[in-house]
Amino acid sequence: MPRRVVVVGAGMAGVQTAVALREQGFTGTVTLIGAEPHQPYDRPPLSKAVLLGKAEGSAFDVDFEALDLELQLGREALGVRPADHELDTEAGPVPYDALVLATGAEPIRLPGAEGVPGVHLLRTLDDAERLRPVLARQHDIVVVGAGWIGAEFATAAREAGCAVTVVEAADRPLAGALPAEVAAPMAAWYADAGAVLRTHARVERVEPGAVLLDDGSRLPADAVVVGIGARPATGWLAGSGIDLGAHGEVVADHHLHTSAPDVYAVGDCASFPSGRYGERLLVHHWDNALQGPRTVAANIIGEAVGEAPAVYDPVPYFWSEQFGRFVQYAGHHACADTTLWRGDPAGPAWTVCWLRENRLVALLAVGRPRDLAQGRRLIEAGTPVDPRLLADPARPLKAAKA
Ligand SMILES: Cc1cc2nc3c(=O)[nH]c(=O)nc-3n(C[C@H](O)[C@H](O)[C@H](O)COP(=O)(O)OP(=O)(O)OC[C@H]3O[C@@H](n4cnc5c(N)ncnc54)[C@H](O)[C@@H]3O)c2cc1C
């Protein structure tokens, strides 16, 4: 059994790994090293309750002391030397028997906007705390990017009474995640909430008090919030010899093991091969940072005692709360999959299903949590479904089994 496990990154994936190690009976030392100075916290509330001042913070409800987990916060890892089994940190080298990389992701910055007063990102508690008074002032806000974060921020800003314009370079919201026919009804949600959505809108320049678009328009902006995506926070691994992928993510195998001995990777910073979907997945959602750590902990413990390693092959899941709607997605779809609607997308509740050879591979449920729960089980089991039955929104989704 390894005696010293070191986890880098004290976000959801790092904390859950440490907790799972204890839950699964690991008795050696567990050290959690995190760059942020705050008590480890959960991110989803940052774009929701925390932003609106409905919650002070979102610290994890974990008793680190009682679990005998050593926290080293406000400390950045600078590199790894796998051959020496050592992690380099600002405070010097830290030896490990097993190392877990859980450094998450960092937001992509808008070129040219850095350092311009009033430009914000939304990834950390500090970001949310800086944005809270901005919302309270009910100013003109421009959001760059109509992705998940952009939509959630716009929702909160409208609720706070701000004038909100969302600019999106693509022809629709969520262009990277959903096909045009699915995203189309979601575009209307912006106007319903009193926000202006401008698609095909590229930012030319940001200057204090305004955003200039490439069509010459000038949008007044007391604040600008940039939500154009995130990339794995792995720059610090350069030179470590650990394999990184095209998006800078740590390339893990189906046991969440990296290319270096005794080094695992989990959460937003890592991709893994999905046996279920036949492709490598890089998932930037909360549930992946909850599920993956259990596999990592099992494999750290199991490797030492010669157990067959556990395989990580989840049905990915995430949710988003935007414009008064609860949006949930499970699975993973590809362009070639057939889409099938349950319910009217102009209405308040509907579901889109993606089918491959009459099996459900993914679904997006808006205000239909029961569809999501039942669909997720059908995906997990790979149950064949009857598309005609599936298309009837009055029928429970689980009754669509062929
Ligand atoms: C505002 C917001 C809202 C979200 N809402 C939802 C939602 O509604 N639903 C959903 O499914 N998902 C949501 N997500 C995504 C979800 O929060 C992430 O998928 C999840 O936090 C990933 O956890 P993680 O531990 O892998 O990474 P992170 O949460 O990014 O944690 C990584 C930690 O590692 C630290 N770190 C980085 N580099 C180093 C280093 N070199 N040394 C030491 N520490 C380092 C970072 O500071 C960070 O604290 C949201 C994300 C954000 C930002």
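Provided above is the structure to which this section pertains.
(A) Spotlight on the sheet that holds strand β7 (residues 98-101). Within the open sheet, the five strands sit side by side as β3-β2-β1-β7-β19. Their pairing is parallel. The outermost strands of the open sheet, each flanked by one partner alone, are β3 (69-73) and β19 (263-265). Direction aside, the axes of adjacent strands within the sheet are offset by 20° on average. Strand direction decides the pairing type here: strand β1 (residues 4-8) and strand β2 (residues 29-34), joined by five bridges, are parallel. Among the inter-strand pairings, Arg4 is bridged to a residue of β2, identified as Thr29. Against the sheet, helix α1 (residues 12-23) touches β1, β2, β3 and β7, its axis set at about 175° to β2. Sitting on the sheet, helix α5 (residues 286-304) touches β1, β7 and β19, and the angle it makes with β19 is about 165°.

(B) A look at the site of the ligand. Of all residues adjacent to the ligand, which total 35 residues, the nearest are Glu36, Arg43, Lys48, Ala77 and Arg123. Between Met12 and the ligand, the recorded distance is 3.1 Å, taken from a backbone N or O atom to an oxygen atom. Between the ligand and the protein, one listed contact pairs a nitrogen atom with a backbone N or O atom of Ala35 at 3.0 Å. For the ligand, the accessible surface in isolation is 1,000 Å², of which the surrounding protein chains cover 93%.

(C) Structural context of the sheet that holds strand β23 (residues 325-331). Strand order across the open sheet formed by five strands is β22-β23-β26-β25-β24, with antiparallel pairing between neighbours. Of all strands in the sheet, those bounded by a partner on one side alone are β22 (317-322) and β24 (338-342). This sheet shows a mean twist of 20° between the axes of neighbouring strands, independent of strand direction. Pairing of β24 with strand β25 (residues 350-356), which is carried by five bridges, proceeds in the antiparallel orientation. Across the sheet, the residue bridging to Leu340 is Cys353, located in β25. The strands touched by helix α3 (residues 148-159) within the sheet are β22 and β23, with β22 carrying the most contacts at an inclination of about 30°. Across the sheet, helix α6 (residues 369-381) is in contact with β22, β23, β24, β25 and β26 (359-366); its angle to β26 comes to roughly 165°.

(D) Highlighting the packing of aromatic side chains. Per the counting criterion, the structure on display carries nine aromatic pairs. Seen from their ring centres, Trp148 and Phe318 are 4.8 Å apart, and the 70° between their planes marks the pair as edge-to-face. Here the residue Trp148 occupies a position in helix α3, and Phe318 occupies one in strand β22, the gap between them amounting to 170 residues. One aromatic cluster is present, built from ring pairs that chain together Trp148, Phe318, Tyr329 and Trp354.

(E) View of the pairing of β22. One ladder, built from six bridges, connects β22 with β23; its direction is antiparallel. Looking at the pairing, Trp319 lines up with Gln328 of β23. Here β22 folds back onto β23 in antiparallel fashion, the turn holding two residues, of which Phe323 has a positive phi close to 50°.

(F) Molecular detail of a positive patch on the surface. A contiguous patch of positive charge, built from Arg370, Arg377, Lys398 and Lys401, is present on the exposed surface. Positionally, Arg377 belongs in helix α6.

(G) View of the environment of Gly227. Within the fold, Gly227 resides in the loop between β16 (223-226) and β17 (230-232). The contacts of Gly227, once residues within four sequence positions are left out, are Val144 and Gly145.

(H) Here's a closer look at the environment of Gly382. Tracing the backbone through its elements, the reader meets Gly382 in the loop between α6 and α7 (387-390). For the pair Gly382 and Asn358, spaced 24 residues apart in sequence, the C-alpha separation works out to 9.7 Å.

(I) Main features of the side chain of Ser58. Examined against the element boundaries, Ser58 turns out to sit in the loop between β2 and β3. With sequence-adjacent residues up to four places away left out, Ser58 is seen in contact with Tyr41, Asp42, Pro45, Leu46 and Val50.

(J) Summary view of the environment of Ala298. If you trace the backbone, Ala298 turns up in helix α5. Separated by 178 residues in sequence, Ala298 and His120 place their C-alpha atoms 39 Å apart.

(K) Highlighting helix α2 (residues 125-136). The first and last C-alpha atoms of α2 sit 17 Å apart over twelve residues, in line with the 16 Å expected at 1.5 Å per residue. By the burial criterion, the buried members of α2 are Leu125, Asp127, Ala128, Leu131, Arg132, Val134 and Leu135. Of the surrounding elements, those touching the buried residues of α2 are β9 (119-120), β10 (140-144), α3 and β16. Where α2 ends, the next residue or the one after it, Gln138, has phi of about 55°, a positive value.

Conventions we followed
Residues numbered from 1 in each chain as written. Predicted model: local features only at pLDDT ≥ 70, side-chain atom pairs only at ≥ 80, totals over all residues. Heavy atoms only, no water. Pairing = 2+ DSSP bridges. Helix = DSSP H or I, 4+ residues; strand = E, 2+ residues; numbered from the N terminus. Axes fitted to C-alpha atoms, helices over the stretch in contact; angles between N-to-C directions. Contact = heavy atoms within 4.5 Å. Near = heavy atom within 4 Å. Polar contact = N/O pair within 3.5 Å; in protein donor to acceptor, adjacent residues only side chain to side chain. Areas by Shrake-Rupley, 256 points an atom, 1.4 Å probe, with all protein chains shown as cover. Phe/Tyr/Trp six-rings, centres within 6.5 Å; stacked < 30°, edge-to-face > 60°. Patch = residues over 30% accessible without salt bridge, like charges linked within 9 Å, V, L, I, M, F, W, Y side chains within 5 Å. Salt bridge = Lys/Arg side-chain N within 4 Å of Asp/Glu carboxyl O. Lys, Arg positive; Asp, Glu negative; His and termini not counted. Charge placed at Lys NZ, Arg CZ, Asp CG, Glu CD. Expected span 1.5 Å × (residues − 1). Buried < 20%, exposed > 50% of the residue type's maximum accessible area, 1.4 Å probe, protein only.

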